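Read off the chains here:
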Amino acid sequence: LEAVEPLAALASSADLPTARAALRALAETGNIEAAAALIETSVDPEVENVQLDALLLIGETLRRKDFTDTAGAIAELLIGPSSPVRIRLAAYLLLTRTIPEDSADVSIRMLESGEPELIAGGLSLVAAAKPADATRRFAALMTSPGIPTIALLDALVARGDIAARSAILSLTNSEDTDFRA
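A brief report on the enclosed structure follows. (Residues numbered from 1 in each chain as written. Predicted model: local features only at pLDDT ≥ 70, side-chain atom pairs only at ≥ 80, totals over all residues. Heavy atoms only, no water.)

## Details of the layout of surface pockets
Put simply, the rule reads: A cavity here means a set of 1 Å grid points, computed over protein atoms only, where a 1.4 Å probe fits but cannot escape. A pocket is an open set with protein on both sides within 12 Å along at least 5 of 7 lines, and lining residues have an atom within 4 Å of a point. Grid points are joined across faces, edges and corners, and a volume is the space filled by probe spheres set on the points. To qualify as a helix, a DSSP run of H or I must reach at least 4 residues; to qualify as a strand, a run of E must reach at least 2; elements of each kind are numbered from the N terminus.
Of the pockets and cavities examined, the largest pocket occupies roughly 190 Å³. Lining the largest pocket, in full, are Leu38, Ile39, Glu48, Gln51, Leu52, Leu55, Leu77, Leu78, Ser82, Ser83 and Pro84. Of all the elements in the fold, those that place two or more residues in the lining of the largest pocket are α3 (32-40), α4 (48-64) and α5 (68-78). Examining the composition of the lining of the largest pocket, we find that four residues originate from one element, α4, more than from any other.

Below is the structure:
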């Protein structure tokens, strides 16, 4: 804990190798104080990605230590539009591990994002998303623009939930030959 303040000061250093090393060291401490320091520390734009990676790492460490509220807050912070897509994708995945019972909500947020990388990540979560009754919510997205319908259909089938049946049947009766087999 005593190392957090000096490391946070070094993370703001104009010497980029020093700043990178300090950010990584803060992440490796795995404690809430270091997480707060990572959030509050202003860094050179050249090391912002290291700071974001460090926040993801400490968020995952805190999740494993059952500090789920803090890990979830870090994930929500990183989901913001100013974060690069790769960081947002990892933050969404952290959020699903932090609050697994809400993974359907997280998947739907990803599917509705309009960003191909996040949509793909959301699709990968559909089959195992909780709660189990989320199938109808996923099925309602079948004709949403930007969401690959066939991929969503495959994910719904993988859920094995009969609730997807009406959405699947409506597609098989569609005029679109991509859906009729």
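Past the structure itself, the notes keep going.
## A look at the pattern of salt bridges
Rule in force here: By definition, a salt bridge exists where a carboxyl oxygen of Asp or Glu is found within 4 Å of a side-chain nitrogen of Lys or Arg. Under the scheme applied here, a residue whose accessible area is under 20% of the maximum for its type counts as buried, over 50% as exposed, and between as partly exposed, the area being computed with a 1.4 Å probe on protein chains only.
In total, this model carries seven salt bridges according to the counting rule given. The partner of Arg109 in a salt bridge is Glu76, with the nearest N and O atoms 3.1 Å apart. With Arg109 in helix α7 (residues 103-111) and Glu76 in helix α5, this residue pair connects regions lying 33 residues apart in the sequence. By relative accessible area, which is 37% here, Glu76 ends up partly exposed. Here Arg88 and Glu115 are joined by a salt bridge, their closest N and O atoms 2.5 Å apart. Here Arg88 is found in helix α6 (residues 85-98), whereas its partner Glu115 is found in the loop between α7 and α8 (116-126), with 27 residues between them in sequence.

## Points about the side chain of Ser107
The following threshold applies: Any pair of N or O atoms that falls within 3.5 Å is considered a polar contact. Within protein, one atom must be able to donate a hydrogen and the other to accept it, and sequence-neighbouring residues count only if both atoms are side-chain atoms. Two residues qualify as a contact provided that any one of their heavy atoms is within 4.5 Å of a heavy atom in the partner residue.
Of note, Ser107 is situated in helix α7. The exposure class of Ser107 is buried, given its relative accessible area of 0%. From its side chain, Ser107 meets the backbone oxygen of Gly122 in a polar contact 2.8 Å long. Sequence-distant contacts of Ser107, that is, excluding residues within four places in its chain, are made with Gly122, Leu125, Val126 and Phe138.

## A word on the nonpolar core
The condition is simple: As used in this record, nonpolar core signifies buried Ala, Val, Leu, Ile, Met, Phe, Trp, Tyr and Cys residues forming a set joined through side-chain atoms within 4.5 Å.
The biggest cluster of nonpolar side chains holds 36 residues, and the ones touching the most others in it are Leu23, Leu26, Leu38, Ile58, Ile74 and Leu78. Among the secondary structure elements, those contributing two or more residues to this core are α1 (4-11), α2 (16-29), α3, α4, α5, α6, α7 and α8. With residues near it in sequence (within four places) discarded, Ile58 still touches Leu26, Ala27, Thr29, Gly30, Asn31, Ala34, Ala35, Leu38 and Ile74. Residues Leu111, Ala129, Leu141 and Leu152 belong to the second largest nonpolar core, which totals 18 residues.

## Quick look at α1
Because an α-helix completes one turn every 3.6 residues, residues spaced three or four positions apart along the sequence face the same direction. Under the convention used in this document: As used here, the arc is the angular range of directions from the helix axis to the C-beta atoms.
Within α1 the residues assigned to the buried category are Val4, Leu7, Ala8 and Ala11. Buried residues of α1, seen end-on, are gathered within an arc of 100 degrees and therefore sit on one face of the element. For α1, the exposed residues lying more than 90 degrees away from the buried face are Glu5 and Ala9. Along its buried surface, α1 packs onto α2 and α3.

## Concerning the environment of Ala34
One can find Ala34 in helix α3. For Ala34 and Leu169, which are 135 residues apart along the polypeptide, the C-alpha to C-alpha distance reads 52 Å. In contact with Ala34, other than residues within four places in its own chain, are Val4, Leu26, Thr29 and Ile58.

Functional significance is not addressed by these values, which are geometric in nature.
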